Structures are given as structure tokens and as C-alpha cells.
Amino acid sequence: MFERRLKVVLTIPVICGIILIARLFQLQVVFGTSYQQKADEALLAPRHFLPPLRGRILDRYGRLLVSDEPALDVTVFYGALSMNESYLQRLAKRLGRQDPRWRGASPSELEAEIEDRIRRMWLTLEQASDTPLYSLRQRRDGICDAVERIRRSVWKKRQRDGYEEPLESVRLRDDTWFYSVLRDITPEVRTRIELELSGLPFVRIEPSVRRVWSADARPLCHLLGNLGEVSARRIDGDPRKDDPLACYRSGDRAGVSGVEYLGEMMLRGKRGYEEKNLDGHRKEFQPPIDGLDVQLTIDASLQRRIAEILESAVAEDSHRTGASCVVLDIETQDVLALVSVPSFSHEQFKKEYRVLRDDAKRRPLLFRAVAEEYQPGSIVKPISLLAGFKHQLVDPKAQVYCDGSFIPESTFWHCWTHWKGLPGHGYVAAEDSIMHSCNIYFYGLGQRLNAQRLTDFYADFIYGPDSRRRSTTGLIEERAGIIPTYDWITKKAKRKYRRADGRNYAIGQGEMQITPLQAANIYATLARGTYRDPKIIANHPRQERDERIQGVSAEAVRIARRGLYRCVNEMGGTAYKHARLDHLTICGKTGSAQCVARVVEMKYTFDLGDGETEYAIAPTIENAREMLNLPRNTKCIRREVMKRWPPNRTEEKTPQTHAWFAGFAPYRHPRIAIAVVIEHGGSGGQTAGPVGRTIFGALLESPHAYLRPISYVQDNLIKSSSVDETANAASLDPLATNLQP
Amino acid sequence: MIGPRTRLLPVLGWPVLIAALTLTALGLLGAYAGEAGPDVRPVKATKQLVHLGIGLTGLLVVQIVGYRELGRWAYPLFGLILVLLVLLVVARKINLAPIIPERRNTFRWIVLGPINIQVSEYAKIVYILALAQYLRFRTNYRTIRGLLMPFALTLLPMGLILKEPDLGTSILLLPTLFVMLFVAGAKIKHLVLILLLGLLAAPAFYYSPLMNPYQKERIKALFRQDESDVGWRQNAGYHLYRSKVALGSGGFSGQGFTQGAFFRHDLLPEEHNDFIFAVIGHQWGFVGCMVVLLCYLVIIASGLTIASITTDPLGRLLAVGVCAILCAQALINTGMTIGLMPITGMSLPFVSMGGSGLIACYLGVGILISVARPRPIDIARKPFEYDRSE
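What counts, and where the lines are drawn
Residues numbered from 1 in each chain as written. Chains lettered and ligands numbered in written order. Predicted model: local features only at pLDDT ≥ 70, side-chain atom pairs only at ≥ 80, totals over all residues. Heavy atoms only, no water. Helix = DSSP H or I, 4+ residues; strand = E, 2+ residues; numbered from the N terminus. Buried < 20%, exposed > 50% of the residue type's maximum accessible area, 1.4 Å probe, protein only. Areas by Shrake-Rupley, 256 points an atom, 1.4 Å probe, with all protein chains shown as cover. Contact = heavy atoms within 4.5 Å. Pairing = 2+ DSSP bridges. Axes fitted to C-alpha atoms, helices over the stretch in contact; angles between N-to-C directions. Disulfide = S-S within 2.5 Å. Parallel < 35°, antiparallel > 145°, perpendicular 65-115°, else oblique. Left-handed = near helix turned anticlockwise from the far one by under 90°. Nonpolar A, V, L, I, M, F, W, Y, C, P; charged D, E, K, R; others polar. Salt bridge = Lys/Arg side-chain N within 4 Å of Asp/Glu carboxyl O. Patch = residues over 30% accessible without salt bridge, like charges linked within 9 Å, V, L, I, M, F, W, Y side chains within 5 Å. Lys, Arg positive; Asp, Glu negative; His and termini not counted. Charge placed at Lys NZ, Arg CZ, Asp CG, Glu CD. Phe/Tyr/Trp six-rings, centres within 6.5 Å; stacked < 30°, edge-to-face > 60°. Lys NZ or Arg CZ within 6 Å of the ring centre and 35° of its normal. Core = buried A, V, L, I, M, F, W, Y, C linked by side-chain atoms within 4.5 Å. Expected span 1.5 Å × (residues − 1). pLDDT = per-residue confidence, 0-100. Polar contact = N/O pair within 3.5 Å; in protein donor to acceptor, adjacent residues only side chain to side chain.

*Asks:* How do you make sense of the overall build of chain A when you look at a structure like this?
*Replies:* Of regular secondary structure, chain A possesses 29 helices and 22 strands. Taken over 741 residues, chain A has a buried fraction of 54%. About 34,100 Å² of surface is accessible on chain A, with carbon and sulfur atoms providing 50% of the total.

*Asks:* Sorry, what's going on with the overall build of chain B here?
*Replies:* Scanning chain B for helices and strands turns up 16 helices and 2 strands. Contacts in chain B between residues at least 24 apart in sequence constitute 72% of all its contacts with a sequence separation of at least 6. As displayed, chain B offers around 16,700 Å² of accessible surface, 69% of which is attributable to carbon and sulfur atoms.

*Asks:* Is there a simple way to explain the sheet that holds strand β22 (residues 672–678) of chain A in this structure?
*Replies:* Two modes of strand pairing occur in sheets, parallel and antiparallel, and in both the strands are linked by backbone hydrogen bonds. All names here are of chain A. An order of β12-β11-β22-β21-β17 is seen for the 5 strands of this open sheet, with the pairing classed as antiparallel. The open sheet has two free edges, formed respectively by β12 (335–341) and β17 (587–593), since each of these has just one partner strand. For this sheet, the mean angle separating the axes of adjacent strands, direction not counted, is 5 degrees. Note that β17 and strand β21 (residues 658–665) share 7 bridges and pair antiparallel. Along β21, the bridge assignment pairs S592 with A659. Packed onto the sheet, helix α24 (residues 554–569) meets β17 and β21 and runs at close to 80 degrees relative to β17.

*Asks:* Help me out: how do you make sense of the environment of B:N273 in this one?
*Replies:* Residues and elements named next belong to chain B. When you line up the elements, N273 lands in the loop between α13 (261–264) and α14 (276–309). For N273 and A31, which are 242 residues apart along the polypeptide, the C-alpha to C-alpha distance reads 8.6 Å. Setting aside residues up to four positions removed in sequence, N273 forms contacts with S347, S352 and M353.

*Asks:* How should the state of the cysteines be read in this particular structure?
*Replies:* Such a bond, covalent and formed between the sulfur atoms of two cysteines, is termed a disulfide. Residue and element names in this part refer to chain A. As enumerated under the stated definition, the model contains 0 disulfides over all chains in all. Free of any disulfide, C587 has its nearest neighbouring cysteine sulfur in C567, separated by 9.5 Å. In this structure C587 comes out as buried when scored by relative accessible area, which is 0%.

*Asks:* Is there a simple way to explain the packing of helix α8 (residues 167–184) of chain B against helix α9 (residues 188–207) of chain B in this structure?
*Replies:* The geometry of a pair of packed helices is captured by two quantities: the angle between their axes and the separation between those axes. Residues and elements named next belong to chain B. Where α8 meets α9, the axes come as close as 10 Å, and the angle between the chain directions of the two elements is 165 degrees. It follows that α8 is roughly antiparallel to α9 by the angle criterion. The interaxial crossing formed by α8 with α9 has left-handed handedness. Taken together, the residues of α9 that come into contact with α8 (itself represented by F178, L181 and F182) are I188, L191, I194 and L195. In terms of residue class, the contact of α8 with α9 is made up of 7 nonpolar, no polar and no charged.

*Asks:* How should I be thinking about the pattern of salt bridges in this particular structure?
*Replies:* Between side chains of opposite charge, a pair can form as their charged atoms come close. Residue and element names in this part refer to chain A. Enumeration according to the criterion identifies 50 salt bridges over all chains in this entry. Residue E372 is joined to R363 by a salt bridge in which the shortest nitrogen-to-oxygen separation is 3.1 Å. Side by side, E372 and R363 carry an identical accessibility label, which is buried. Salt-bridge contacts for E373 lead to R479; the nearest nitrogen and oxygen are separated by 3.5 Å. With E373 in the loop between α15 (368–371) and α16 (381–390) and R479 in the loop between α20 (451–463) and α21 (486–493), this residue pair connects regions lying 106 residues apart in the sequence. The network of salt bridges with common partners includes R54, D68, R211, E260 and E264.

*Asks:* What exactly am I supposed to notice about the packing of helix α5 (residues 107–129) of chain A against helix α7 (residues 187–197) of chain A here?
*Replies:* Residues and elements named next belong to chain A. For the pair α5 and α7, interaxial distance at closest approach is 9 Å and the crossing angle is 160 degrees. Put simply, α5 runs roughly antiparallel to α7. Between α5 and α7 lies a crossing of right-handed hand. When α5 is examined against α7, the residues M121, T124, L125, Q127, A128 and S129 are found in contact with a partner set consisting of V189, R192, I193, E196 and L197. For the contact of α5 with α7, the class distribution of residues is 6 nonpolar, 3 polar and 2 charged.

*Asks:* For this particular structure, what's the right way to read a negative patch on the surface?
*Replies:* A contiguous patch of negative charge, built from A:D607, A:D610, A:E612 and A:E614, is present on the exposed surface. With respect to the helices, strands and loops of the structure, A:E612 is situated in the loop between β18 (598–607) and β19 (613–618).

*Asks:* Looking at this structure, I do not really get the packing of aromatic side chains. What am I missing?
*Replies:* The relation between two aromatic rings is expressed through the spacing of the ring centres and the mutual angle of the planes. Considering all chains together, one arrives at 18 aromatic pairs over all chains under this definition. Measuring from ring centre to ring centre gives 5.3 Å for A:F77 and A:F178, while their planes differ by 65 degrees; the resulting arrangement is edge-to-face. Of this pair, A:F77 sits in strand β3 (residues 64–77) while A:F178 is found in strand β4 (residues 178–182), placing the two residues 101 residues apart along the sequence. As far as the burial class goes, A:F77 and A:F178 line up, both buried. Aromatic side chains B:F350 and B:Y362 sit 5.5 Å apart centroid to centroid with 80 degrees between the ring planes, which places their arrangement in the edge-to-face category. Placement of B:F350 in the loop between α15 (313–337) and α16 (355–372) and of B:Y362 in helix α16 is noted, with a sequence separation of 12 residues between them. Summarising the burial analysis for this pair, B:F350 and B:Y362 share the class buried. The structure contains a cluster of three or more aromatic residues connected by ring pairs, namely A:F25, B:F252 and B:F286. A cation over an aromatic ring shows up here: A:K603 above the ring of A:Y615, its NZ or CZ 4.4 Å from the ring centre.

*Asks:* Hey, could you run me through the pairing of strand β2 (residues 115–118) of chain B in this one?
*Replies:* Regular strands have side chains that alternate between both faces of the sheet. All names here are of chain B. In the sheet, strand β1 (residues 109–112) pairs with β2 via 4 bridges, with the strands oriented antiparallel. Looking at the pairing, W109 lines up with Q118 of β2. Between β1 and β2, which follow one another and run antiparallel, lie 2 residues, and G113 among them has a positive phi close to 60 degrees.

*Asks:* Explain the sheet that holds β18(A) to me, please; I cannot follow it from the model alone.
*Replies:* Residues and elements named next belong to chain A. Within the open sheet, the 3 strands sit side by side as β19-β18-β20. Their pairing is antiparallel. Two strands bound the open sheet, and with one partner strand each, they are β19 and β20 (635–645). Each neighbouring strand pair of the sheet contributes to a mean axis angle of 20 degrees, computed without reference to strand direction. Its contacts with the sheet place helix α26 (residues 621–628) against β18, β19 and β20, and it is angled at close to 125 degrees to β19.

*Asks:* What is the right way to look at the nonpolar core in this model?
*Replies:* Soluble, globular proteins show a tendency: their nonpolar side chains are buried together. Judged by nonpolar contacts, the single largest core of 122 residues is most densely connected at B:L135 and B:F350. Counting 95 residues, the second-largest nonpolar core is a separate cluster that includes A:L262, A:I330, A:I489 and A:A506.

*Asks:* How should helix α7 (residues 148–162) of chain B be read in this particular structure?
*Replies:* Owing to its 3.6 residues per turn, the α-helix brings residues three or four apart onto one side. All names here are of chain B. Taking 1.5 Å of rise per residue, 15 residues should cover 21 Å, and α7 covers 20 Å from first to last C-alpha, within 8% of that figure. By the burial criterion, the buried members of α7 are P150, F151, L153, T154, P157, M158, L160 and I161. Lining the buried residues of α7 we find α5 (74–91), α6 (119–135), α8 and α9.

*Asks:* Explain α5(B) here, please?
*Replies:* In this model, α5(B) (18 residues) spans 26 Å end to end at C-alpha, consistent with the 26 Å of a helix rising 1.5 Å per residue. Tucked into the core, α5(B) has its buried residues touching α4 (67–72), β1, α6 and α7 of chain B.

*Asks:* Before we go on, may I ask you to explain the environment of B:I188 in this structure?
*Replies:* Residue position: B:I188 is located in helix α9. What makes B:I188 partly exposed here is its relative accessible area of 45%. Once you skip the residues sitting within four places of it in the chain, B:I188 turns out to touch A:R5 and B:F182.

*Asks:* How should I be thinking about the confidence of the model for chain A in this particular structure?
*Replies:* One rule of thumb: low pLDDT means the predicted coordinates there are not for detailed reading. Considering every residue of chain A, the mean pLDDT works out to 85; 92% of them sit at 70 or more. Counted against residues more than four places away or in other chains, residues 718–741 of chain A, with its pLDDT under 50, gives 35 contacts.

*Asks:* Whenever I open this one, the side chain of A:R249 confuses me. Can you help?
*Replies:* Position of A:R249 relative to the elements: it lies in the loop between α9 (232–237) and β7 (253–255). There is a polar contact of 2.6 Å between the side chain of A:R249 and the backbone oxygen of A:F178.

*Asks:* Can you help me understand the side chain of A:D216 in this one?
*Replies:* Residues and elements named next belong to chain A. Along the chain, D216 falls in the loop between β5 (203–213) and α8 (221–224). Of the residues examined, D216 reaches a relative accessible area of 17% and is grouped as buried. Once residues lying within four places of it in the same chain are set aside, the contact partners of D216 are R63, L64, L65, A300 and R304.

*Asks:* Looking at this model, I keep getting lost on the confidence of the model for chain B. Mind explaining?
*Replies:* Residues and elements named next belong to chain B. Of all residues in chain B, 86% attain a pLDDT of 70 or more, and the chain-wide mean is 82. Confidence drops under a pLDDT of 50 for residues 385–390, and excluding neighbours within four residues, the segment shows 8 contacts in the predicted structure. We note a pTM of 0.65 for the whole complex and an ipTM of 0.88 for its interfaces.

Okay, here's the thing in C-alpha cells:
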């Protein structure tokens, strides 16, 4: 009975066996070769990346400023960094198998040994390199955080795609990489590490690069910027993140400031790799592609010369805390010099970063030329005059009487002569108003124009007419300044325009603030007649703007420029004594901008939770946190000002003014525009004027002939013209034809 | 009664034993290759040799005792196994760490000094004994109500093993039950009905909380064998991809003994255990795989022949049960290695490392041989003969 059923039962394994055999045949015989290839792939050891040299940074004449040199890094495998359990188990297994001393040990013993080896590795790295253990730990945690962040985002994406798996089981490319934990090690460190850590499979010494600054780079320290570890957000947002060779890896260094950041896409290059299989044969090799060089528009020798001039100017008076100068080529809009004093060297930045940061008085880390906003003071007067012309509120011939004070019985609204105990300017016409920098004239103009029309025109002039763009060079340090337009007043200051605002803005006071770069650009625009963005990287593909400013007539510009000319070159002009050069027709304007004293020391009170507080008196909040050993995110609940700079010299409320000088030269065919500001320099004419003159002198002396002495110009271009510059200026000015009638 | 076929019976034990030993030898060589290195002692292979010794001793003991005597002990043994399984389930709640340690979040082993006992492996054999003992002279399983008891006998250990958790082993009991019922003469329409009901219940089971997410993931991975998808390769399909590549790269004749790159560098997960078939395929290629499958065919065919020749219903049921369970286990393991089955933790009988599994397999072989051994002429009636008129 039922013996037939046994035969039926036998057919089941036979049928299944046939299916199995067919599948095996398919896998092993039909697709055997393709699986052989896949096996070879699976045999590949983790890629050995070869770093590219980052592009060099050169000045406009090809002088080397920053470059990369080969160096060595100590790298550690991710599994050992993150103490991944399965990786440690694998290592333990291998140890038990390969090392005769550990044969037969239990898995837990082996794992303990591996953990101990990793711990000893950190200690060795600490001792060999003299890097404190906590900073090594910080680096490790930073790398792990970045990788885990990527893992989480991949996991989330896979979950959206319908995969349910624990977070830990997501494997990443990044898990198989080695990460730098010690950079740029010296040969001694290398020997020591090789001696002590040679047997460990998770530590390697790998080629890398270090950034080297040349001697020319020091005065450019702010502009060149620095490298830093790339943040997880930047890895995520990187446009090249899909290319495994070009993308950032956590722990990579990328430009974080200055030109290093601005030119990052040119400079970074593409890494190469070497692939060996686990048996040690090289399978694939791709050399790295070095980054492109970035050529700046800066003239390094001019920059150094100007830095010297500014440093000596700052050193003259102990109240002065810093200075800045911007030199623009009017024709090409190249930035020839972008000086910020005080400066620092690369070594200082690396070793004494905290000292630099905590120097709240001098603020050496501040990139004054683009990142510090100053009240412009009188140097905006030519623009407010142009605004008057635009709205037909100025008659070039009409005169205003200045008796030293604007409103009778007022204590506040005076011409600058009042503070110096001088009589008023008397009858002042449009040109004279700029020449003498007569406040009374501009008070009236500002009041008639009103603040809104005036600031709208300023915005056109400073930011460019058709654009809301605030950054003009692309540097991340660059700040927009403050133009108190209607939007700004209502949104930021949260008030309405007052009657006095127009008067204040017309002389560059009140809330208004601009950067030195913007000041130089104003004068370049004035000299050229059209607005253009200043350029810092010569070989950076960038959209050029060349825009006319609405409502500015040639006649108006001519009057403003003549005012500037007379300001320097005619007896009685505010800059006549201090800024005139015999062989160059400088047009310029001085400014003494009232300012507030800056806080240099504060009492920071921190909330430690549970109602406990602790305070420290320090120049910066970071310093205060460090003094109290608080973590970075501790909240500061109260700040009290302890000390300001400059201290009140004469019991007066206002500290010494910022000294400005801005201008262009030569008068006809202007080629160079500059702006100089000396913090707390006092009178613009007395302090900044001579500095401006010295800088123009330096430009004249420069071997690159940015400017030529007047005799040369007279001989070659305008032999027929009379000495009376003013009469023929308009007819001789080819750029004036650019302007609207 | 004594025909030429009956005389064949005692001879049939030998091919089974030889095939089993061949398989174990292949497994030992595979494990040795996976472990071998310059001056490295193959610890696992040595251990396995010891287990083989114990297994062969057990086989001899079964010969001495005889399967009938064993059948008498079936219920007490079954009870003992159930108690042990309950103990394992309880261990999750109460800490019995020195005896029942937690390994990889499971409680499968009872540890007594140097001896590790994986209860579920022995449970398979004892289950077959008990079921065979229950079914041997009964007729009532030809009614649907009569099927209740065999199912209860199956579901009880199955549920307990599932709780360890050990999905692979517990699933093995089902095909064994069906085959034994089928051979014992249950009505085909009943069996088909139950099978259909089971199939209908499968989706419900899939979406019920009984399924772990990782198990669902493995089933999804099976239907999505896209080898160009790195995400699949590195996550859900990691094991499957590795084992397929190891097998496929073996080609027709294999990479050679200890030559394959895959275990030189530990690229195969669980290489000596669940994926030993891939190791064999990697070393000896299609030829090696064929040898393995041939050995199983020999065991199963001989076993079924023994079952058909023997006149003792208990012997026949035992032989069929052992064949069924070995066959199912081998099919599922090889199937998962080559991507025809979802991956479950299941060892390849006779081949995979692991003491309890190997010993249990040899006990099974011992039962087969014991059934095949000559004994006094049977005076019982032919098996499963009952009044068809009922």
C-alpha cells in the first residue's frame, strides 16, 4: 500500500535538484567569467587616495603667494576611528589566525587586545606629535560625526524607498577609507610612528600636502584666507559630490575664508587613486589632477608698500587701532591693493590664533578693507551733490551763505569750521561746497532732497543700479555696509525717517556705514561714469557689470569732479595742504567721520542651567568661555560693557573721528581710485590726506606705471592746453561723453 | 515476502553512509581551506573531526539499540526535548546565563562545560521518531479530525523553536510532516486543502508582527537581485551577492583547493557554516557542486528505497522522515546560496560546521541504516494495510 506514494515523494527532490543544477549551471558556467570579474572587484583593497596639489595663488604679475608642498599625514581607518564592532571582531579574528602568540585565545581576549592596541595607537600619536589627546579626540569625533551624518541621510533615503533596515547596517563607501588624524608630520614623528605602529593595519602614513605662504603673502593675509576642515553641510551641498574623486571627504581641507574660499572650485583639483587587490597587485591607478592656479589682480609689491605706509601711520598715535586702503584700477576695475592693518603671518595664525582673536583693541583678524563698516563722513558729499542734481535741486551757480552754523541757536548743526574755532565759509556754490567740504551747504541740500531720495541714490551708486546684490567681489568676508534706505529704516531700525536724517546722510553721518572697498568704488564710479564690480581674481570667469547710474548728467559729474580737483589742488581746499602732489593731479576728498567708541572688554555672564550663573571679564565671548572652561554652546545671558576704546581723552563724549581720504588721479583720464581710512585718526585732512598722498606717490614710483607724472601727460597728450585746468576739463575728458546728456 | 528486493535491503545502508562521509569530508576540506594559512592550525576543522567521531559513535549506538527500541522511547524523548525548548524560551525572561547564554541575540544553546548542545537540531530527529511512532498503526488520519494530533505534535516544537528564534529549523518541520502524512496514507485532498490554506495565510503572516523587519528585507532582497545596484549589494543583498559571486567565480572546475581568493581574505560571511556550499562551489566549481548534490541524491534515493522495501511501518515512516528533513534542509540551504530562496540561518546537513547539527545528521543516518539492517523475518502484516471499506 502507498508504495506508489514513495515514488511520488522521490520526484520532489529530483525536480528541485534539476532546478538547482540549472541555476548552478547558469551561475557557474554561463556567467562564470562575469562573476570572476566581480570577484576581482570584491578583492580590491580599500582605495588608496592620492591627494592633488591645491592650485597656487599668484599676484597679477605671477609672483607666487601661496602654494602646496608635499607632506605626510597619519591616517586611520574609519572602523578604528569609530570603534565599529564588526570591524574590531574582524581584526580580532585575523589576529588570532595570523599571530602565533595569540593563537587559541578566546574571541573576547582578542577583542580586548585589539581595543587596547587602538588605545595605545592614540597614546603613541599623542606622544610622538605633541598634540594633546583631547584635540586628537576632537578630530576623531568630527570625522565620525560627518560620516554618521551621511549614513543617516542615506538611511533616510533608503527608508523612503521602502527598505526597512537598522541604521547601523547601512554600509558606506566612507567606511572603507582612511582619514587624516595628524597632518604634516615631521620626519622624526614619522620615524617614531613607523617604529611603534608598523604592525597595525588601521594606521597608515600617507602622502598629503601642506599650504605654504611665501614672504610676499604676509600683507595679504586677510585676502588669501585659510583652509579648514570641510563641514558636513558643505559636503552635502557640494555640486561635485557625485564624483567620488572630486567630492569632499569628511576631514578634507577646503578654503574657509578669503580667496581660498572664493576660488575653491578652481583651486581644489581632483584626487587620484591607486587600487590594489588584497594580494597586493596594483589593479588600477589614476594620477591626481592638480587644482588650477588663481591669479589675483593684486600687485603684491604695491600691497606691501602700502601696508608699510599704513603701519607707520597707525604707529604715529596710540589711539589709532588700524587702517585700511583700497586701490582700484578705474579702467579694468582690478583691485590693485586691498590692505588691512594690522596683519599677521601664517605661522602666527596657526600658533597664536587665540592671541590674535582676543586682541579686541586692534582686531588683527579683521579684514578691514571689505569687512569693517565705517561712517563715511564727508567723502560721500560728491554723491549727495549728484543726487541734488538728479532731482534738480541744485543750481550750480546758486550760492549758499555759510556762517558756521546752520540753524541759529542750535548746538548741533554746525559747519566743521565751528568746532575748530574758524569762521564760516561765506558764500558757497556747488563746486566750492565740495572743495571746502561745507556742511551747511549739504545740510540744506539733504533737507530739500529728503532722506529717502538721498539714500536711494546712494544705494544705486554703491551697490549698482539694477541689482540687489550686496557683495561685489564674492569674498565671504565682504560686508554690505549700511545704506539707510526706507526698507532698512523700517525693517532694521524700526522707526520712520526723521526730519534730521536727510541732513545727516548728506554729510555721511547717522546710521550710514560703508566699507573702504565701497568708498574706493564710489570714486572709481565717479571717475568713470558707470558702475562696475571690483575684481579680485583675474582669471575667474565672472559676469561683468557695466551699468549707468540713472539721472546723472555729464554736467553734474563735471562739477563734482571739479570740486574734488579743487579740494586738493587749490588753495583753501581741505586737502590742499596735506594731499597735493606737484606732478600729479589728484582729485580727492577728505572725511572725518564721527564714530562711537568700540567695546573692547565685557563682562559675560553665562547660564549654567539650574539657575546657576558664572561670569568672566574678557575681550571676546570665546575667550570668556575658555576662561571658564565652558562648552561652546553655553548661553550668555548678560553682557556688561567694562571698557571701551579709545578712552575718552578729554572728558568729551565722542571719541576721535575716523580719518578718511578717497579720490582718484589723474584728473583727466583717471586711472586709479583709492580710499584710505585710519581708525580714530582724527582729522581726515591732517591724518589720511598725507597717507593718500604717499600712496599716490608709491603708485607713481611703481615700476608698473599705474600713473605717470604730469609732465609726461602734458608733453604727450595735452600740449595745447593751458595751465588753467578747470576751463578745458570738460572738452578734454573723453569719459564725459559716456554720460547721459 | 523474501524477494530479491528484500535481500537488497542490508546493502542499502552503505551508500548512505559513504555519501554522508563524502559530504562531511568536503565540508572539512572547505573549512580547512577557509582557515588555513601559513602555520595556522585549522581549529574549526579539528573540532569538526571530533564531532564526526561523536556522530559515528552515535550511529553505532543506534545500530546496537535498534530503531524499534528507539521508537519505544520516542515519547519520553519528545517530552524531554520539549522541556529543554521551554527552558530556552524561558531563558529570555529569566537569566540562566551560565547554562543558556545569549549569542547574537538568540537563545539556542545549552552549555554544559565544554559541550554546547543546540537543542533544535536534536529536536528534529526526536520529532521524527515521535511522529513516526504516533502514525505507525493509526488509520484515523484519513479523516480531517485525525490530522489534528499530528499537527499538534508539529506545531508545539515549531512554536518553541521559533521563539529562540530559529526560523530555519522550525520551518523544516512542516515539509517533514506533510511528507510523512502523505506516505502514511493521509487523504490527498486533505493535505492539498491544508496546503492551500497555508498559502492563503502566507501574506497575512508576512504582514503580521511575527515577521521581523530583517526577515522581510531578505525576502525583498531575493526578488530584487539587481547586482548593479550598489545599495542592494552593500546592504540587503550583501550575503546573497557575496555568495553568488563566490559560487559564480568558481566557474566549471573551480579555483582549486585553498586557492580561491574569497576565503584567503575572509570575504564570505559565515563561510564555514551557512555558506559552506559557496565555499565548495568557489573551490571546486560546478563539478564540486554536482558531487554535493549527487551525494544528497544518493542518500535520499537510498533512504526512500529502504522505506519502500522495509515492511515495518515504523521503519518506513522513520526513513521517510529522515530523508524528508535532510532533503528539505539541503534544498533550502543550497537554494539560498544561489539566490532561489530567502536567506535564513540554515546549515547544510553533513557539510556545515557545527557539532549538534552534524551529530543529529549522523543519528538520522544511523536510523536509516538501522531500518535497513536485516532482522528476523517479520510476521506482522504489511504496513498500512487496513480495511479500505471504512
